[in-house]
Amino acid sequence: MSDYKTIVGVIAVLISIFGYVPYFRDIISGKTKPHAFSWLVWGVLNAIAFAGQIHGKGGAGTWAVGLTALALFAIFVLSLIKGEKRIKLFDWLCLAGAAVSLLLWAITKQPLGSIILITVVDAFGFLPTVRKAYSKPYQETLLTYKINTVKYFLVVLALQNYTLVTTLFPLAVALMNALFVAMLIIRRKQVQTKE
């Protein structure tokens, strides 16, 4: 069983690398304009989830989460230079909600409560990108979010221990990415129809 988990963990890492290459390319070319708030929140959360999964002996399922944290922080830095510049009150409120939830996470001593809070924080972090992408659906790299959906499902398959603590965050992130993909596809069709 352990060999299977290792293989799935390696596949999740490779998919993670493959998934971010087009996103970095599109940022550098100016096609994709990431929202800094989302990528900062996601980087912090994936780093926390990685640490939690390591502590929970998540095994090979943790590898892609750790690599993802590094990629997310790199995208955050790039978004400060080449990302979305129109920051709205809604975005600041989402960042504040994420910060408050992170503060609650820091004082929570129960692992499940902590994982629930960081999952809520992740949703807050997603909202600025959802808001921006709803009006500008072509400023996000659809392929990256599709790949992230698959990657996080593979992360779950590669976990050594299945508990709510180890699985809730990656399952929730997979679902949020899948819903975001659906929204982007629908909005792109709507925008094309209007033009």
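My aim in this report is to walk through the structure given alongside it, one point at a time. If you're wondering where the values come from, they're calculated on a predicted model, not measured in any experiment.

### As for a nonpolar patch on the surface
A grouping of Val10, Leu14, Ile17, Val21 and Trp63 is seen on the molecular surface, where their side chains present a nonpolar patch of about 460 Å² in accessible area. With four residues, helix H1 (residues 2–29) is the largest single contributor of residues to the nonpolar patch. Note that Val10 resides in helix H1.

### Quick notes on empty space enclosed by the protein
In total, this model carries two cavities of 30 Å³ or more according to the counting rule given. Put simply, the largest cavity is a space of about 110 Å³. Forming the boundary of the largest cavity are Tyr20, Trp39, Trp42, Asn46, Leu72, Asp122, Phe126, Tyr145, Asn148, Tyr152, Val173 and Asn177. Listing elements by their share of the lining of the largest cavity, those giving two or more residues are helix H2 (36–55), helix H5 (111–135), helix H6 (142–158) and helix H7 (164–194). Here the residues of the lining of the largest cavity sort into eight nonpolar, three polar and one charged. Estimated volume of the second largest cavity: approximately 40 Å³.

### Topic: the packing of aromatic side chains
Within the structure shown, the criterion is met by eight aromatic pairs. Judged by centre distance (4.7 Å) and plane angle (70°), the ring pair of Phe37 and Trp92 falls under edge-to-face. In this pair, Phe37 sits in helix H2 while Trp92 sits in helix H4 (residues 89–107), placing the two residues 55 residues apart along the sequence. Residues Phe126 and Tyr145 carry aromatic rings whose centres are separated by 6.3 Å and whose planes lie at 35° to one another, so their mutual orientation is tilted.

### Side note on H5
In this model, H5 (25 residues) spans 37 Å end to end at C-alpha, consistent with the 36 Å of a helix rising 1.5 Å per residue. Maximum bend of H5: about 25°, positioned at Leu127, with proline Pro128 one to four residues after it.

### Describing the packing of H2 against H5
Relative to each other, H2 and H5 sit at 160°, their axes nearing to 8 Å. The angle between H2 and H5 places the two elements in the roughly antiparallel class. As for the relative orientation of H2 and H5, their crossing is left-handed in sense. Seen from H2, the contacting residues are Phe37, Ser38, Val41, Trp42, Leu45, Ile48 and Ala49; seen from H5, they are Ile118, Val121, Asp122, Gly125, Phe126, Pro128 and Thr129. Taken together, the residues of the contact of H2 with H5 break down into 10 nonpolar, three polar and one charged.

### Brief notes about the side chain of Thr129
Among the structural elements, Thr129 can be located in helix H5. Assessed through its relative accessible area of 0%, Thr129 is described here as buried. Excluding residues that lie within four positions of it along the chain, Thr129 makes contacts with His35, Ser38, Trp42, Glu140, Tyr145 and Phe180.

### Quick notes on the pattern of salt bridges
It is possible for side chains bearing opposite charge to pair when their charged atoms get close. Overall, the coordinates contain two salt bridges when judged by the stated rule. Put simply, Asp26 and Arg25 hold a salt bridge, and the shortest N to O gap is 3.1 Å. With a shortest N-O distance of 2.9 Å, Glu140 and Lys132 are connected by a salt bridge. Relative accessible area serves as the criterion here: at 1%, Glu140 is assigned to the buried category.

Conventions adopted
Residues numbered from 1 in each chain as written. Predicted model: local features only at pLDDT ≥ 70, side-chain atom pairs only at ≥ 80, totals over all residues. Heavy atoms only, no water. Patch = residues over 30% accessible without salt bridge, like charges linked within 9 Å, V, L, I, M, F, W, Y side chains within 5 Å. Areas by Shrake-Rupley, 256 points an atom, 1.4 Å probe, with all protein chains shown as cover. Salt bridge = Lys/Arg side-chain N within 4 Å of Asp/Glu carboxyl O. Helix = DSSP H or I, 4+ residues; strand = E, 2+ residues; numbered from the N terminus. 1 Å grid on protein atoms, 1.4 Å probe; cavity = no way out; pocket = protein on both sides within 12 Å on 5 of 7 lines; lining within 4 Å. Points joined across faces, edges and corners; volume = space filled by probe spheres on them. Nonpolar A, V, L, I, M, F, W, Y, C, P; charged D, E, K, R; others polar. Phe/Tyr/Trp six-rings, centres within 6.5 Å; stacked < 30°, edge-to-face > 60°. Expected span 1.5 Å × (residues − 1). Bend = angle between axes of the 7 residues up to and from the residue. Axes fitted to C-alpha atoms, helices over the stretch in contact; angles between N-to-C directions. Parallel < 35°, antiparallel > 145°, perpendicular 65-115°, else oblique. Left-handed = near helix turned anticlockwise from the far one by under 90°. Contact = heavy atoms within 4.5 Å. Buried < 20%, exposed > 50% of the residue type's maximum accessible area, 1.4 Å probe, protein only.

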